Amino acid sequence: MSEVKNHLLWDGCDTVELAKTYGTPLYVFSESMIEQACRELQRDFIQKYERVRVAYASKAFNVLAMLKLVEKEGLCLDVVSGGELYTAIAADFEPEKIEFNGNNKSVAELEEALDYGVGRFIIDSMQELDLIQHICREKKHTAKVLFRITPEITVQTHRYISTGQKDSKFGIPLDEKVLFPLIKQAIDAPEIDFYGIHFHIGSQLADNQTHLAAANVALNLVKQIKERFDYEVKELNYGGGFGVRYTKADVRQPYAYFLDPLMEATITFCEEHQLYRPTIVIEPGRSIVAEAGITLHTIGSIKQLPGIRTYASIDGGMTDNIRPGLYQAQYEVAIANKRTDQDLEPVTISGKICESTDILVKDALLPKVATGDILATYTTGAYGYSMASNYNKIAIPAVIFVKEGRAEEVVKRQSYQQMIQNEVIPTHLR
């Protein structure tokens, strides 16, 4: 961030000019910031330790350009649906470097993944192993699988993004009468190559203790597998969830804060128990892309309620950023064409969607707002575009990548015609 002509710059580009050129709402991503996060992972994890991998959790932001960028930076890929897999195939992402997560994969999705040669399948339910075995048998394929466990760890985050507790829709419970028969079945099945254990305990975490507690659960499970089945686990996937800065109150820890203690605990445990140290995989998503992204909106109507509040409405809202309504997420905003810290006043930023929950930020301190101002919302790179919708028949915004003063469109703005292209009027209503 810096200032030129009192305008907000993003990776060398004037955001006010970007709004004029590409229109608003507009998602803007800094390639340099994404590269910086990837290179921190390279330096502090991939190049520092043997037998480790980083898989970008693409649900945070999955478009062709992003997948090509993370592949260029040497990362693997995590997908959770047929659509995300289709995008990876369209991007020509190396299949062996793809892992397929998700708690309810369909037959069609599994078949597509097996045909493409996806490198890992993360089994998330008791029924999924039988399903994969059946498909592999029919197709004469072998699948490399990990079991996602629920390590029964409580984390300090919003309950909607906490996934490691016992009562969760995700993962297989630690009940040995449930888990160990599945592991034995995977070890014995000729169509299955049992690779190991996976967990993901939640998102937006700032403390490494919960990762360490979950890793201890997984490592003890590795030890039990060796004792029960004389089988060496090949891979441990410690998930992601590393927190980012949405507001000044948030703390973003460096990757090493999480990864060095995790690797130290893993290496020590394996040495103490004379175990083969598995390959360690992590799945960061939000932390790679969130802070690299901003969203630009144009301010329209302004409503002043003396003694109560001033509302400034933007030309988007919960259709391009549902997180405030869904998670009560908080954001920092700025007027891109008025970069000043003087004469600030509280303004509530509201969207144009017909819902009372469509409030982006309450009482943000901003310079006096006017119709036509460009509002910038920081840290929208993760889950903004991914969760965008056509509610109220609002078009999904364009996405641009910027780097060192250069801007390029990577997702075109949706047109109204595209919005209704799959709609059909039945014969009797024509």
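Residues numbered from 1 in each chain as written. Predicted model: local features only at pLDDT ≥ 70, side-chain atom pairs only at ≥ 80, totals over all residues. Heavy atoms only, no water.

1. Points about the overall build of the protein
Each helix and strand in the protein was counted, giving 12 helices and 20 strands. Expected size for 430 residues packed as a compact globule is a radius of gyration near 22 Å; at 23 Å, the protein falls within 12% of this value. Viewed in the frame of its principal axes, the protein has a C-alpha envelope of about 70 × 60 × 40 Å. By the burial criterion, 53% of the 430 residues in the protein qualify as buried. The long-range fraction of contacts in the protein, counting pairs at least 24 apart against all pairs at least 6 apart in sequence, stands at 69%. Total accessible area on the protein stands at roughly 19,400 Å², and carbon and sulfur atoms take up 49% of it. One finds the centroid of the 46 positive side-chain charges in the protein at a distance of 2 Å from the centroid of its 58 negative side-chain charges. (Helix = DSSP H or I, 4+ residues; strand = E, 2+ residues; numbered from the N terminus. Rg over C-alpha atoms; globule rule 2.2 N^0.38 Å. Buried < 20%, exposed > 50% of the residue type's maximum accessible area, 1.4 Å probe, protein only. Contact = heavy atoms within 4.5 Å. Areas by Shrake-Rupley, 256 points an atom, 1.4 Å probe, with all protein chains shown as cover. Lys, Arg positive; Asp, Glu negative; His and termini not counted. Charge placed at Lys NZ, Arg CZ, Asp CG, Glu CD.)

2. Remarks on the environment of Ile132
The residue Ile132 is located in helix 6 (residues 128–139) in this model. As a C-alpha pair, Ile132 and Leu110 span 22 residues in sequence and 7.3 Å in three-dimensional space. If we ignore the near neighbours within four places in the chain, the residues touching Ile132 are Leu110, Phe121, Ile123, Ala143 and Ile192.

3. Quick look at the sheet that holds strand 9 (residues 143–148)
Strand order in the closed barrel formed by eight strands is 5-6-7-8-9-10-11-12, and the pairing between neighbours is parallel. Neighbouring strand axes in the sheet, compared pairwise and without regard to direction, differ in orientation by 30 degrees on average. Sheet analysis places strand 8 (residues 120–123) next to strand 9, joined by three bridges and oriented parallel. The residue bridging Phe121 from the neighbouring strand is Val145, located in strand 9. (Pairing = 2+ DSSP bridges. Axes fitted to C-alpha atoms, helices over the stretch in contact; angles between N-to-C directions.)

4. What to know about the pattern of salt bridges
With the rule as written, the count across this model stands at 30 salt bridges. One salt bridge in this structure joins Arg137 and Glu191, with 3.0 Å as the shortest N-O distance. Taken together, the residues Arg137 in helix 6 and Glu191 in the loop between helix 7 (176–188) and strand 10 (192–198) connect sequence positions 54 residues apart. Classification of Arg137 by relative accessible area gives partly exposed; the value is 46%. Among the salt bridges present, the one from Asp188 reaches Lys184, with a minimum N-O distance of 2.6 Å. (Salt bridge = Lys/Arg side-chain N within 4 Å of Asp/Glu carboxyl O.)

5. Side note on helix 5 (residues 107–116)
Burial in helix 5 covers these residues: Leu110, Ala113 and Leu114. Taken down its axis, helix 5 places every buried residue within 95 degrees of arc, on the same side. Elements that come into contact with the buried residues of helix 5 comprise helix 4 (82–90), strand 7 (98–100), strand 8, helix 6 and strand 9. Just past helix 5, the residue Gly117 takes up positive phi, approximately 90 degrees. (Arc of directions from axis to C-beta.)

6. Here's the deal with unusual backbone geometry
In this structure, Pro25 follows Thr24 across a cis peptide bond, with omega equal to -5 degrees. Mapped onto the secondary structure, Pro25 falls in the loop between helix 1 (15–22) and strand 4 (26–30). Positive phi, close to 50 degrees, is recorded for Asp11, a residue that is not glycine. By the element assignment, Asp11 lies in the loop between strand 2 (7–10) and strand 3 (13–14).

7. Structural notes on the packing of aromatic side chains
All chains considered together, the criterion is met by 16 aromatic pairs. Ring plane angle 50 degrees and centroid distance 5.6 Å describe the contact between Phe147 and Phe194, whose orientation is recorded as tilted. Linking Phe147 in strand 9 with Phe194 in strand 10, this pair joins segments that are 47 residues apart in sequence. As far as burial versus exposure is concerned, Phe147 and Phe194 are alike and both buried. (Phe/Tyr/Trp six-rings, centres within 6.5 Å; stacked < 30°, edge-to-face > 60°.)

8. A few points about the nonpolar core
Side chains that are nonpolar tend, in soluble globular proteins, to be buried together. Membership of the largest hydrophobic core comes to 106 residues, with the highest contact counts inside it found for Tyr56, Met66, Phe121, Phe147, Phe194 and Ile288. Setting aside residues up to four positions removed in sequence, Phe121 forms contacts with Phe100, Leu110, Ala113, Leu114, Ile132, Ala143, Lys144, Val145 and Leu146. One finds Val16, Ala336, Ile374 and Tyr378 within the second-largest nonpolar core, a separate group that totals 18 residues. (Core = buried A, V, L, I, M, F, W, Y, C linked by side-chain atoms within 4.5 Å.)

9. As for the layout of surface pockets
Space inside the largest pocket adds up to approximately 1,200 Å³. In terms of lining residues, the largest pocket is bounded by 47 residues, among which Tyr246, Thr247, Glu332, Tyr378 and Thr379 are the most central. For the lining of the largest pocket, the secondary structure elements donating two or more residues are helix 2 (31–46), helix 10 (286–289), strand 15 (333–335) and strand 17 (359–367). A total of nine residues in the lining of the largest pocket trace back to one element, the largest contributor, which is strand 17. (1 Å grid on protein atoms, 1.4 Å probe; cavity = no way out; pocket = protein on both sides within 12 Å on 5 of 7 lines; lining within 4 Å. Points joined across faces, edges and corners; volume = space filled by probe spheres on them.)

10. Some details on the environment of Ala143
By the element assignment, Ala143 lies in strand 9. Using a relative accessible area of 1% as the deciding quantity, one classes Ala143 as buried. Residues Ala143 and Tyr195, spaced 52 residues apart in sequence, show a C-alpha to C-alpha distance of 9.6 Å. Leave out the neighbours within four places in its chain, and Ala143 touches Leu114, Phe121, Ile132, Cys136, Glu191, Ile192 and Asp193.

11. Describing the packing of helix 2 against helix 9 (residues 255–272)
Closest axis-to-axis distance for the helix 2/helix 9 pair is 10 Å, and the angle between their directions is 30 degrees. In terms of their interaxial angle, helix 2 and helix 9 are classed as roughly parallel. Read as a crossing pair, helix 2 and helix 9 show a hand that is right-handed. Here helix 2 contributes Ala37, Glu40, Leu41, Asp44 and Phe45 to the contact with helix 9, which in turn contributes Tyr255, Ala256, Leu259, Asp260 and Met263. Considered class by class, the residues forming the contact of helix 2 with helix 9 number seven nonpolar, no polar and three charged. (Parallel < 35°, antiparallel > 145°, perpendicular 65-115°, else oblique. Left-handed = near helix turned anticlockwise from the far one by under 90°. Nonpolar A, V, L, I, M, F, W, Y, C, P; charged D, E, K, R; others polar.)

12. Focus on empty space enclosed by the protein
Taking a probe equal in size to a water molecule and rolling it over the atoms shows the remaining empty space. Inspection of every chain in the model, using the stated rule, returns one cavity of 30 Å³ or more. Considering only enclosed or pocket space, the largest cavity measures out at about 70 Å³ in volume. His297, Ile314, Gly317, Met318, Asp320, Asn321, Pro324, Gly325, Thr357, Asp358, Ile359 and Leu360 together form the lining of the largest cavity. Listed by contribution, the elements that provide at least two residues to the lining of the largest cavity are helix 11 (323–327) and strand 17. For the lining of the largest cavity, the per-class residue count stands at five nonpolar, five polar and two charged.

Just geometry here; none of it tells us what the structure is for.
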